Amino acid sequence: MKAPEPLLQRLALRPALGSGCRRLVVLLTQLGDFDSLEYAQALAPLLPRLQAAGIEVVAIGIGDEAGRQRFCGFTGFPADRLQVDATPELHRALGLYPGLTTPGGAWPALLLMCAGIGSPGTLAEVLRGYTGDRHAPQRLDTPLFALAGGEGFQRPFELATVRLRNMLEVLGHWRTYVPRDDFITQRGGTYLLESDDSVLYSHRDRGILGFSETMARPLSFLDPYLEA
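Residues numbered from 1 in each chain as written. Predicted model: local features only at pLDDT ≥ 70, side-chain atom pairs only at ≥ 80, totals over all residues. Heavy atoms only, no water.

**Overview of unusual backbone geometry**
Working step 1: Despite not being glycine, Phe157 has its phi angle at roughly 70 degrees, a positive value.
Working step 2: Examined against the element boundaries, Phe157 turns out to sit in the loop between α8 (143-149) and α9 (158-172).
Working step 3: Assessed through its relative accessible area of 49%, Phe157 is described here as partly exposed.
Working step 4: Within the chain, Leu209 stands out as a residue other than glycine whose phi angle is a positive 60 degrees.
Working step 5: Among the structural elements, Leu209 can be located in the loop between β5 (199-204) and α11 (223-227). (Helix = DSSP H or I, 4+ residues; strand = E, 2+ residues; numbered from the N terminus. Buried < 20%, exposed > 50% of the residue type's maximum accessible area, 1.4 Å probe, protein only.)

**Topic: the sheet that holds strand β3 (residues 82-85)**
Working step 1: Taking strand neighbours across the sheet as the criterion, the five strands line up as β3-β2-β1-β4-β5 in an open arrangement whose pairing is mixed. Each edge of the open sheet is held by one strand with a lone partner, namely β3 and β5. Neighbour-to-neighbour, the strand axes of the sheet open up by a mean angle of 15 degrees, direction not taken into account.
Working step 2: Pairing between strand β1 (residues 22-30) and strand β4 (residues 189-193): five bridges, direction antiparallel. Within β4, the position partnered with Val26 by the bridge is Thr190.
Working step 3: The sheet contacts of helix α2 (residues 34-43) involve β1, β2 (55-62) and β4, and relative to β1 the element is tilted by about 150 degrees.
Working step 4: Sheet strands touched by helix α4 (residues 65-75): β1 and β3. Its angle to β3, the strand with the most contacts, is close to 145 degrees. (Pairing = 2+ DSSP bridges. Axes fitted to C-alpha atoms, helices over the stretch in contact; angles between N-to-C directions. Contact = heavy atoms within 4.5 Å.)

**Quick word on the pairing of β2**
Working step 1: For β2, the tally of buried residues reaches seven of eight residues, placing the bulk of the element in the interior.
Working step 2: One ladder, built from four bridges, connects β2 with β3; its direction is parallel. Note that in β3 the partner of Ile60 across the bridge is Gln83.
Working step 3: In the classification by handedness, the crossover that spans β2, the intervening α4 and the parallel β3 is right-handed. (Right-handed = clockwise from strand over helix to strand, strands pointing away.)

**So, α4**
Working step 1: Taken residue by residue, α4 has Gly67, Arg68, Phe71, Cys72 and Thr75 as its buried positions. Around the axis of α4, the buried residues are gathered within 125 degrees of arc, so they sit on the same side.
Working step 2: Where α4 is buried, its residues meet β1, α2, β3 and α10 (174-177).
Working step 3: For α4, the side-chain oxygen to backbone nitrogen distance between the N-cap and Ala66 is 3.3 Å, and the N-cap itself is Asp64.
Working step 4: Immediately beyond the C-terminal end of α4, within one or two residues, lies Gly76, with a positive phi of roughly 85 degrees. (Arc of directions from axis to C-beta. Polar contact = N/O pair within 3.5 Å; in protein donor to acceptor, adjacent residues only side chain to side chain.)

This is how it looks when you write it as structure tokens:
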């Protein structure tokens, strides 16, 4: 299956990622969204292995240049791998989920989605952040978590602590991360493309905190390509 035409046209604007290699294309949500921050934080440490495996990476988020610089400085995601669009035109062209639409605008819709309405899996994912997950990797080296639950897996409240840090960062610089509130419900997607532009893997976010089919190990879809 070929990649969607709007995606290929967008990639053509970046010659280094135009053709001849596998490409991981990540359509992030608003830069101040939990999903964007967590996705970038998970992806950044894996970039050297992806490069060694011949997979180039580009992320496209909703925001502006000031937000791009702040986002990359906070998450560790390289700025030369992140493009920003002021509006989610590419997301919409690819048919990615725009989120709920309510008479009151984007904010009431976002609150409903945070409550799990029109956002499947969100409440379960929030709960996992507090209860821990023995199938997920450890996120923090803080001794307190080791005393409370051990080591080598995601301990209770560990992921919730990561998300709290992300939230405080965004709220402290809200208009840098989110220049406009219009698109705060827009969801993203992931495409892994072969060198001939055929789609090796794709995922469309269905709700908040759902940027992967396997949130415990959100990048596990890359394992076969890294091992090869």
